[in-house]
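Structure assessment
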Amino acid sequence: MSIREQTITVLESLRGVWDELAVDELDHALQSAARALDDGADDELVLAAALHDIGHSPLLAAHSEAHDRVAHDWLTPRFGVRVGWLAGAHVAAKRYLAATDPAYAGALSDVSIVSLRLQGGAAVDQDLAGHPWWPDALRLRRFDDAAKDPAARGADIETVVAVAERVAAAQTTRRA
Ligand SMILES: [Fe+2]
C-alpha cells in the first residue's frame, strides 16, 4: 500500500472512535493538524500532530503497548525518527505540562484528567525535557488539547495526505 493509501486508511479508521467526549478521533486528528498549520509548524510536526492518536485506531488494536508507543512504532519506519518521537512524546508532554504549568492542569478536559491519572500523573522526565525536540513536543501537546472543539475547523484529509507524502519522500531522499 502506498503512503497515500496507508495515511488515508489509518485516518479513516478513526471515524467513530471516541476517546474524548466532544469529537471523534478523526475530527480530533484533523483539528490537531489545523492547529499545527495555524501555528506555522513544519511538515513533520503537522504530521505528528495529525497522527499522534492513531494508537486508538481499531486497525492497530492488536498492539498491546500504550497508545503513544503504538503511534511511535507505526510512524517511525514510514515518516522518520522525528515524527515518531514527537507523536510518541505526547503523553509525556501532558504529564510535564501538568507538573509545570498550573493553568494547563486546570484546563484539561475531564477525560484527560482521568487518563493523566492512569498514565502516572504529573511528572517531569528530565531526559525528555532536555531533548532538542522537546519544545516541539510541547507545541504538539497544545495543538492536541485545542483539538477537542465540536465547532472548530479541521484540516481536510487531502491536506494531511499531501504533508505525509512530502515527509515520506524527504525520508527516502535522506536514506538514498
Ligand atoms: Fe490527542
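In the block above lies the structure referred to throughout.
Reference entry: report on the structure contained in this document. The residue numbers shown here count from 1 along each chain, following its written sequence. Two thresholds apply to this predicted model, a pLDDT of at least 70 for residue-level local features and 80 or more for giving and counting side-chain atom pairs, whereas whole-chain, interface and lining totals are computed over all residues. The side-chain numbers reported here are obtained from all heavy atoms of the structure, hydrogens and water having been left aside.

1. Things to note about the coordination of the iron ion
Distances decide who is a donor: an N, O or S atom must be within 2.8 Å of the metal, or within 3.2 Å for Na, K and Ca. Water is not included, so sites may look incomplete. For the iron ion, the protein coordination sphere consists of His28 (NE2), His52 (NE2), Asp53 (OD) and Asp144 (OD), at 2.2 to 2.4 Å. Any coordination sphere not matching a tetrahedral pattern (four donors, all angles between 85 and 135 degrees) or a square planar or octahedral pattern (four or six donors, opposite donors over 155 degrees apart, other angles between 65 and 115) is reported as irregular. Here the iron ion is ringed by four donor atoms whose angles at the metal span 80 to 169°, and the overall shape comes out irregular.

2. Some details on the nonpolar core
To define a nonpolar core, start from buried Ala, Val, Leu, Ile, Met, Phe, Trp, Tyr and Cys residues and group those joined through side-chain atoms within 4.5 Å. Remark: exposure states derive from per-residue accessible area (1.4 Å probe, protein chains only) relative to the maximum for the residue type, with buried under 20%, exposed over 50%, and partly exposed in between. Grouped together as the largest cluster of nonpolar side chains are 49 residues, with contacts concentrated most on Leu47, Leu51, Ile54, Leu75, Phe79, Trp134 and Val160. Numbered from the N terminus, helices here are DSSP runs of H or I no shorter than four residues, and strands are runs of E no shorter than two. Those elements that place two or more of their residues in this core are α1 (3-12), α2 (25-38), α3 (43-51), α4 (67-79), α5 (81-88), α6 (90-100), α10 (134-145) and α11 (157-175). A per-element tally of this core places α3 first, with seven residues. When checking whether two residues touch, look at their non-hydrogen atoms; a contact exists if any pair is within 4.5 Å. Setting aside residues no more than four positions away along its own chain, Phe79 makes contact with Ile3, Thr7, Leu47, Leu51, Trp74, Ala164, Val167, Ala168 and Gln171.

3. Here's the deal with the pattern of salt bridges
When a carboxyl oxygen of Asp or Glu is within 4 Å of a side-chain nitrogen of Lys or Arg, the pair counts as a salt bridge. Scanning the model with the defined rule gives 18 salt bridges in all. We note a salt bridge from Asp38 to Arg35, for which the minimum N-O separation is 3.0 Å. With Asp38 and Arg35 both in helix α2 and three residues apart, this pair spans about one turn of that helix. Here Arg141 and Asp144 are joined by a salt bridge, their closest N and O atoms 3.2 Å apart. In this pair, Arg141 and Asp144 both sit in helix α10, three residues apart, roughly one turn of the helix.

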